[in-house]
Amino acid sequence: MTGFIFMWFAIWLYPNSLLYGTLPLNIRFDDIFVFFTFVVCIYKKPAGVRVWGLSTFRLALVWWLLHLLGNINGMLYGGWGAAQEVVKFLLKAAYVPMTVAIAASLLNSYADVKKFIKWLLIAGAAAALLGAGTVVAPRLFGVFLIPNQDLSAGEMLDNMEGAMELARRARGSVGTMATSAICLFLSVLSLHLLAMKYYVFQSKKFLIPVFIIILLGLAYTQSRGPMLAFALTASVILFRSENKGILVGALVIGLLLMVTDNPIRELVTARFTGATGATADSGLDKRSEVWSMFMEKFDPVLLFNGIGAVMSKYIYHATAHNTYLGAVIYNGVWGVCLFFVIVIRSIKYSSKLIRHKREILSDIFGHYFPLALIFMLFVGMSIEDFQNTICMQLYLLFMLICEKLIRANEATAESAKDTGKAALMPLEAQLN
């Protein structure tokens, strides 16, 4: 469990410039750490835990296999020049099924889930602080940045420091998109926990600072889609909140931040107003051009397996910037089918958990998981989040927790049913 907890710190906080390029395929400490944790968990998994028997693990494995097929298809179509990049991408994408397998081996009780979620929130707060640090003091946090192929680390830092602070965006050690995804998942989760009448994952003294730090990290990414997705899901949480004090406090603070001149408002609105040199309209125009290009140039021969995420950049010099288009372009018909299976399975799990209101964790995740689906579908209009490794690591992790809770509830109900039957039997029969 300790290895699983610190896996997130290893992935999200590892200094990328440290020894970068020393090992083949730029293999880093976090790659080794995740693989080692996976091997240990598979080898030492508790008796009775069948990882393959979990639907979420099978979905995660199919997700990885479709990326493998898509990129092989792309190399057959466009050449083998990007083979090394494909292998590197697939090693990172393997985080998704490995994470689900690790979680399946370790999260076997309510206490395990509570402990893990607490540390996941702490890791999210650390990632948010690191992301903000790469904006406020990029040279101080320069060791966490990945050097570009065309720029040395020093030149990258000089370029960042030369830009206006509003134009710089939180990168952390995993890049802006991944940092915004981490902050979106965990800011919504921490607000959801605050809005409930019971505090399972520590008290308000823990949740409020964590929520503020993670939300600030999201603001520093200046990612329009994730920020709008947070606003949408936060509205749902607050207006159905069981904790009216949190509702009133959040509305008052939010209103004050929006109507007064302050750095936070500038930070949040910069990429909408053009303060960073880009507006929402220009972003939409660029995406529309990319979408049109893919629709015009995509070869129907690739429709079955797609062209792969890496080979898409290699052949078309662009990414889909849309999860729905990305499902077709990267993974073809199979990718579209998997997308619908994930959405339908998510709705099914949520509805099953919501019925078990008496069990606190079922109530928490039964209401959180639909929010995760909503913001994934919303953000998917501007990024390919259902094809992104970190997004799917977190999404399928929460799906696995839901599946495990459903199985625990079914086992409890079956046990209670058997106990009830036994109580109705004659005493002699029970003794026999």
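Residues numbered from 1 in each chain as written. Predicted model: local features only at pLDDT ≥ 70, side-chain atom pairs only at ≥ 80, totals over all residues. Heavy atoms only, no water.

Per an unreviewed UniProt entry, the protein chain goes by O-antigen ligase domain-containing protein and derives from Chitinophaga qingshengii.

Enquirer: Any chance you could explain the overall build of the protein chain here in plain terms?
Expert: When its secondary structure is counted, the protein chain shows 18 helices and 0 strands. Expressed as a percentage of the 432 residues in the protein chain, the buried residues total 50%. Sequence separation of at least 24 residues holds for 77% of the intrachain contacts in the protein chain that already meet a minimum separation of 6. Accessible surface, the protein chain as shown: approximately 20,000 Å² in total, 67% of it carbon and sulfur. (Helix = DSSP H or I, 4+ residues; strand = E, 2+ residues; numbered from the N terminus. Buried < 20%, exposed > 50% of the residue type's maximum accessible area, 1.4 Å probe, protein only. Contact = heavy atoms within 4.5 Å. Areas by Shrake-Rupley, 256 points an atom, 1.4 Å probe, with all protein chains shown as cover.)

Enquirer: Can you walk me through the UniProt feature "transmembrane region" (unreviewed entry) in the protein chain in this structure?
Expert: Sequence positions flagged by UniProt for "transmembrane region" (unreviewed entry) are, in local numbering, residues 6-27, 86-107, 119-146, 174-194, 206-223, 243-260, 324-344 and 365-383. As annotated, residues 119-146 has a helix share of 64% and a strand share of 0%, and its two end C-alpha atoms lie 26 Å apart. Across residues 206-223, the secondary structure splits into 89% helix and 0% strand, with the terminal C-alpha atoms separated by 26 Å. (UniProt positions renumbered as here; feature names shortened; annotations may be inferred.)

Enquirer: What's the story with the pattern of salt bridges in this structure? I'm lost.
Expert: Side-chain pairs of opposite charge can arise whenever the charged atoms involved come near each other. Within the structure shown, the criterion is met by 5 salt bridges. Here the salt bridges do not stand alone but share partners, grouping R28, D30, D31 and K92 into one network. (Salt bridge = Lys/Arg side-chain N within 4 Å of Asp/Glu carboxyl O.)

Enquirer: Help me understand the packing of helix α8 (residues 176-195) against helix α16 (residues 360-379) in this model?
Expert: A pair of packed helices is captured by two measures, namely the crossing angle of their axes and the spacing between those axes. The interhelical angle for the contact between α8 and α16, taken along N-to-C directions, is 145°, at an axis separation of 10 Å. Handedness of the crossing formed by α8 with α16: right-handed. Here α8 contributes L184, F185, V188, L189, H192 and L193 to the contact with α16, which in turn contributes I364, H367, Y368, L371, A372, F375, M376 and V379. (Axes fitted to C-alpha atoms, helices over the stretch in contact; angles between N-to-C directions. Left-handed = near helix turned anticlockwise from the far one by under 90°.)

Enquirer: Whenever I open this one, the nonpolar core confuses me. Can you help?
Expert: Here is a general trend for soluble globular proteins: nonpolar side chains tend to be buried in one another's company. Membership of the largest hydrophobic core comes to 118 residues, with the highest contact counts inside it found for W12, F365, Y395 and F398. With 14 residues, helix α17 (residues 389-424) is the largest single contributor of residues to this core. Not counting residues up to four positions away in its chain, the partners in contact with W12 are L120, A123, G124, A127, L130, S173, V174, I182, L186, I390 and L394. (Core = buried A, V, L, I, M, F, W, Y, C linked by side-chain atoms within 4.5 Å.)

Enquirer: Help me understand the packing of aromatic side chains in this model?
Expert: The description of an aromatic ring pair uses the distance of the two centres, along with the angle that the planes make with each other. Tallied over the full model, the rule gives 23 aromatic pairs. Relative to W119, the ring of F9 lies with its centre 6.5 Å away and its plane at 70°, an arrangement referred to as edge-to-face. Taken together, the residues F9 in helix α1 (residues 2-13) and W119 in helix α6 (residues 110-136) connect sequence positions 110 residues apart. A relative accessible area of 17% means that F9 is categorised as buried. (Phe/Tyr/Trp six-rings, centres within 6.5 Å; stacked < 30°, edge-to-face > 60°.)

Enquirer: Is there a simple way to explain a nonpolar patch on the surface in this structure?
Expert: On the surface, L23, I27, I32, V87 and L91 cluster together into a nonpolar patch covering about 390 Å² of accessible area. Examined against the element boundaries, L23 turns out to sit in the loop between α1 and α2 (29-44). The class of L23 is partly exposed, set by a relative accessible area of 40%. (Patch = residues over 30% accessible without salt bridge, like charges linked within 9 Å, V, L, I, M, F, W, Y side chains within 5 Å.)

Enquirer: Where do I start with the packing of helix α3 (residues 55-78) against helix α5 (residues 95-106) in this structure?
Expert: At a minimum axis separation of 8 Å, α3 and α5 run at an interaxial angle of 165°. Judged by the inter-axis angle, α3 sits roughly antiparallel to α5. Read as a crossing pair, α3 and α5 show a hand that is left-handed. Each of T56, F57, A60, L61, W63 and W64 in α3 lies in contact with α5, whose residues at this interface are V96, P97, V100 and A101. Looking at side-chain class alone, the contact of α3 with α5 contains 9 nonpolar, 1 polar and no charged residues. (Parallel < 35°, antiparallel > 145°, perpendicular 65-115°, else oblique. Nonpolar A, V, L, I, M, F, W, Y, C, P; charged D, E, K, R; others polar.)

Enquirer: What should I look at first to understand the confidence of the model for the protein chain in this one?
Expert: A low pLDDT score tells you not to read the predicted coordinates there in detail. Mean pLDDT over the protein chain: 83, with 89% of residues reaching 70 or higher. Looking across the protein chain, the model is least confident in helix α18 (residues 427-431), with a mean pLDDT of 36, and most confident in α5, with 93. This stretch, residues 422-432, has a pLDDT under 50; its non-local contacts, to residues over four places away or in other chains, come to 3 contacts. (pLDDT = per-residue confidence, 0-100.)

Enquirer: Looking at this structure, how should I read helix α12 (residues 263-273)?
Expert: Of the residues making up α12, those classed as buried are L267, A270 and R271. Projected down its long axis, α12 shows its buried positions confined to an angular sector of 65°, all on one face. (Arc of directions from axis to C-beta.)

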